[in-house]
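# Results of the structural survey
The residues making up each chain are set out below.
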Amino acid sequence: MSDSKPWAGRFAEPTDAFVEAFTASVEFDRRLAPYDIQGSIAHATMLARQGILSAAERDAIVNGLQRIGERIEAGEFRWSVALEDVHMNIEAALTDAIGSAGKKLHTGRSRNDQVATDVRLWLRAELAEIGHALRRLQHALLELAEREAETILPGFTHLQTAQPITFGHHMLAWFEMLERDHERMADCAKRVNVMPLGAAALAGTTYPIDRAFTARELGFDRPADNSLDAVSDRDFAIEFAAAASILMMHLSRMSEELIIWSSAQFAFVTLSDSFCTGSSIMPQKKNPDVPELIRGKSGRVFGHLMALLTLMKSQPLAYNKDNQEDKEPLFDAVDNVKGSLKVFADMIPAISCNHAAMRTAALQGFATATDLADYLVRKGTPFRDAHEVVGKAVAYCVDRGCDLAELTLDELRGFATHIDADVFDVLTLEGSVAARDHHGGTAPAQVRAAIARARERIA
Ligand code: ARG
């Protein structure tokens, strides 16, 4: 195969060797090859339909591209850095294989609309996979929520014991975060699925092309409406990186909770050995590496968002070589999002809950203090007064090193005379969670209803 550059015509001197390697993208953009071939086949089909290519030329191009695709997949394709990128490598190989018809493929297009089309086709496929991976993790969370619908643990604000909650309810909170991520990815896909092809270098082309046909062939919703915007727009990449960053931020928060919960001091959950590693020096260690790594990976994905924003800022219309820098952040973001989702979904079913430790923790820290205040309100005390009274009762308990539920009725009556024996029902953990029995509340009955609704939502 000839490595001579298709644009060499106006150049008198060869490219500097370092510049050649420095400007080449083939080492990473070869990943786009299947989409580059798909786009080229649709383009050639359209050109023949419009009488710009003969049927014989189209057939030679389509067959040639398919064979190149097979060679690439089999690892038998020789990639050349001198040919700069995936587009010129494939085009040169095509001409090598089928002769002059190969030289006609680039009629009426440019690498500028070609690369933007390839990246969109690739990201569309990846978004579909990310959508499935999100659903898989959501299903795993619903299973765990169902299994632990009645399990009580302390809920926190400021990482201080706040009120008792059910573990199922906590898993459903994670589910909701991921549901918004799924929506964001689906919304991003709408703007990804617009076709730049036909914009050519920047101004359109002089050939009588049919962009609506090519768009249909490639499954795009429509061709882009402005050729300058079509070749230069990378909003969709930034949007994806933003959605990916929010998703990674969620996974990082979930990871952080697993890390805290699996520490010896909390011991709320045990992660399966298959998701932890040991220490080379401390024999007792079992480290939550998987959640830690996901927490860490959030940083690089946030970084890619910043890289893409900075890449686009200040670029004049239309295409600039800067845009070649969009690929590595995108590829890395997709790989890390997919990997993190997969390992998280594998890890969730293997979590075991330590009910006793959760319960012990929930019994400390006056988690039912609000329930006592609510009890007084039901007996006619204004909430602010009830808050004050219970605050005093808590201070009394702190002094004595006991819990509210351990006070005698007489002691409680010392704080509010209208307290009766039924107060002890609301001071139990079960009574406390069962009482939050409304849409979105932590009561086991509500958790079960929410699981049923969620299953329908993601069916
Ligand atoms: N490798 C280039 C990229 O990734 C393809 C487009 C090149 N276009 C150009 N006019 N140099 O953006």
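Residues numbered from 1 in each chain as written. Predicted model: local features only at pLDDT ≥ 70, side-chain atom pairs only at ≥ 80, totals over all residues. Heavy atoms only, no water.

## Thoughts on the overall build of the protein
Note the threshold: A run of H or I in DSSP counts as a helix once it spans at least four residues, and a run of E counts as a strand once it spans at least two, with each numbered from the N terminus. Radius of gyration here is computed from C-alpha atoms only, and the compact-globule reference equals 2.2 Å multiplied by the residue count raised to the power 0.38. Throughout, a residue-residue contact means that at least one pair of heavy atoms, one from each residue, lies within 4.5 Å. Under the convention used here, a 1.4 Å probe and the Shrake-Rupley method define accessible areas, while residue burial counts only the protein chains that appear. Think of it this way: Lys and Arg go in the positive column, Asp and Glu in the negative one, and His and the chain ends go nowhere. Charge positions are represented by NZ for Lys, CZ for Arg, CG for Asp and CD for Glu.
Scanning the protein from N- to C-terminus turns up 19 helices and six strands. Scaling as 2.2 N^0.38, a compact globule of 459 residues should have a C-alpha radius of gyration of about 23 Å, whereas the protein reaches 31 Å, well beyond that. The long-range fraction of contacts in the protein, counting pairs at least 24 apart against all pairs at least 6 apart in sequence, stands at 75%. Summing over all exposed atoms, the protein offers an accessible surface of approximately 21,400 Å²; the carbon and sulfur share of this is 54%. Positive and negative charge centroids in the protein, built from 49 and 64 side chains respectively, lie 3 Å apart.

## Here we look at the packing of aromatic side chains
Short version of the rule: Stacked, edge-to-face and tilted labels apply to pairs of Phe, Tyr and Trp rings (six-membered ring for Trp) whose centres lie within 6.5 Å, assigned for plane angles under 30 degrees, over 60, and everything in between, in that order. Relative accessibility under 20% of the residue-type maximum defines a buried residue, over 50% an exposed one, and the middle range a partly exposed one, all with a 1.4 Å probe and only protein chains included. Definition used: whenever NZ (Lys) or CZ (Arg) falls within 6 Å of the ring centre and also within 35 degrees of the ring normal, the charge is taken to sit over that ring.
Counted by the stated rule, this structure contains ten aromatic pairs. Between the aromatic rings of Trp 174 and Trp 261, the centroid separation amounts to 5.9 Å while the plane-to-plane angle is 15°, which identifies the pairing as stacked. Of the two residues, Trp 174 sits in helix α7 (residues 167-192) while Trp 261 sits in helix α10 (residues 235-261), which places them 87 residues apart along the sequence. By relative accessible area, Trp 261 is classed as buried at 3%. With a centroid separation of 6.3 Å and an interplanar angle of 80°, the aromatic rings of Trp 174 and Phe 344 are classed as edge-to-face. Here the residue Trp 174 occupies a position in helix α7, and Phe 344 occupies one in helix α12 (residues 327-347), the gap between them amounting to 170 residues. Like Trp 174, the residue Phe 344 is buried in the burial classification. The cationic tip of Arg 10 hangs over the ring face of Phe 11; the distance from NZ or CZ to the ring centre is 5.9 Å.

## Quick word on the site of the ligand
Applied cut-off: If a single non-hydrogen atom of a residue is within 4 Å of a molecule or strand, that residue counts as near it. Polar contact is the term for a pair of N or O atoms within 3.5 Å; when the atoms are in protein, one must be able to donate a hydrogen and the other to accept it, and sequence-neighboring residues count only if both atoms are side-chain atoms. Basically, the charged four are Asp, Glu, Lys and Arg, the nonpolar ten are Ala, Val, Leu, Ile, Met, Phe, Trp, Tyr, Cys and Pro, and anything else, Gly included, counts as polar.
In the region of the ligand, the neighbouring residues are Ser 25, Asp 29, Asp 85, His 87, Arg 111, Asn 112, Val 115, Tyr 319, Gln 324 and Lys 327. A distance of 3.2 Å separates a nitrogen atom of the ligand from a polar side-chain atom of Ser 25. Within the side chain of Asn 112, a nitrogen or oxygen atom sits 2.9 Å from a nitrogen atom of the ligand. For the ligand, the accessible surface in isolation is 340 Å², of which the surrounding protein chains cover 86%. The leading source of residues in the shell around the ligand is helix α6 (residues 111-147), at three residues. When grouped by side-chain class, the residues that make up the shell around the ligand number two nonpolar, four polar and four charged.

## A look at empty space enclosed by the protein
The condition that has to hold: With a 1 Å grid spanning the protein atoms alone, the term cavity applies to any set of points in which a 1.4 Å probe fits but cannot get out, the term pocket to an open set with protein on both sides within 12 Å along at least five of seven lines, and the term lining residue to any residue with an atom within 4 Å of a point. Grid points are joined across faces, edges and corners, and a volume is the space filled by probe spheres set on the points.
Taken as a whole, this structure holds one cavity of 30 Å³ or more when the rule is applied. For the largest cavity, the calculated volume is near 40 Å³. Considering the residues around the largest cavity, the lining is formed by His 43, Met 46, Gly 108, Arg 109, Asp 113, Met 195, Leu 197, Gly 198, Ile 209, Arg 211 and Thr 214. Among the elements of the structure, α3 (33-49) and α8 (211-217) are those that each provide at least two residues to the lining of the largest cavity.

## Observations regarding the pattern of salt bridges
Cut-off, in case you're wondering: Just to be clear on terms, a salt bridge is a Lys or Arg side-chain nitrogen sitting within 4 Å of an Asp or Glu carboxyl oxygen.
Tallying each qualifying case throughout the model produces 39 salt bridges. For Lys 338, the salt bridge is made with Glu 129, and the minimal N-O distance between the two is 3.1 Å. One end of the pair, Lys 338, is in helix α12; the other, Glu 129, is in helix α6, and 209 residues separate them in sequence. What makes Glu 129 partly exposed here is its relative accessible area of 43%. Among the ionic pairs, Arg 455 bridges to Glu 143, the shortest N-O distance being 3.3 Å. Within this pair, whereas Arg 455 is found in helix α19 (residues 444-457), its partner Glu 143 is found in helix α6, the two being separated by 312 residues in sequence. According to the relative accessible area criterion, Arg 455 is partly exposed, its value standing at 27%. One connected set of salt bridges, linked through shared partners, spans Arg 31, Glu 126, Glu 129, Asp 335 and Lys 338.

## Some words on the environment of Arg 413
Examined against the element boundaries, Arg 413 turns out to sit in helix α16 (residues 409-413). Along the primary structure Arg 413 and Asn 63 are separated by 350 residues, whereas in three dimensions their C-alpha atoms are 89 Å apart. Non-local contacts of Arg 413, meaning those with residues more than four positions away in its chain, are made with Ile 419 and Asp 420. At 3.3 Å, the side chain of Arg 413 and the side chain of Asp 420 are in polar contact.

## What to know about the layout of surface pockets
The method is simple in principle: a probe with the dimensions of a water molecule rolls over the atoms, and the space it marks as empty is what remains. Here the largest pocket is characterised by a volume of approximately 480 Å³. Lining the largest pocket are 20 residues, with Gly 155, Phe 156, Ile 165, His 170 and Glu 257 sitting closest to its centre. At six residues, the largest contribution of residues to the lining of the largest pocket is made by α10. Along the lines of polarity and charge, the residues of the lining of the largest pocket split into twelve nonpolar, five polar and three charged.

## A closer look at the nonpolar core
The condition that has to hold: For our purposes a nonpolar core is just a set of buried Ala, Val, Leu, Ile, Met, Phe, Trp, Tyr and Cys residues, chained together by side-chain atoms within 4.5 Å.
Core analysis: the largest hydrophobic core is formed by 81 residues, its most contacted members being Leu 137, Trp 174, Phe 240, Leu 251 and Phe 344. Of all the elements, α6 adds the most residues to this core, at 15 residues. Counting residues in each nonpolar core, the second largest holds 23 residues, with Val 26, Ala 44, Ile 68 and Phe 77 among its members.

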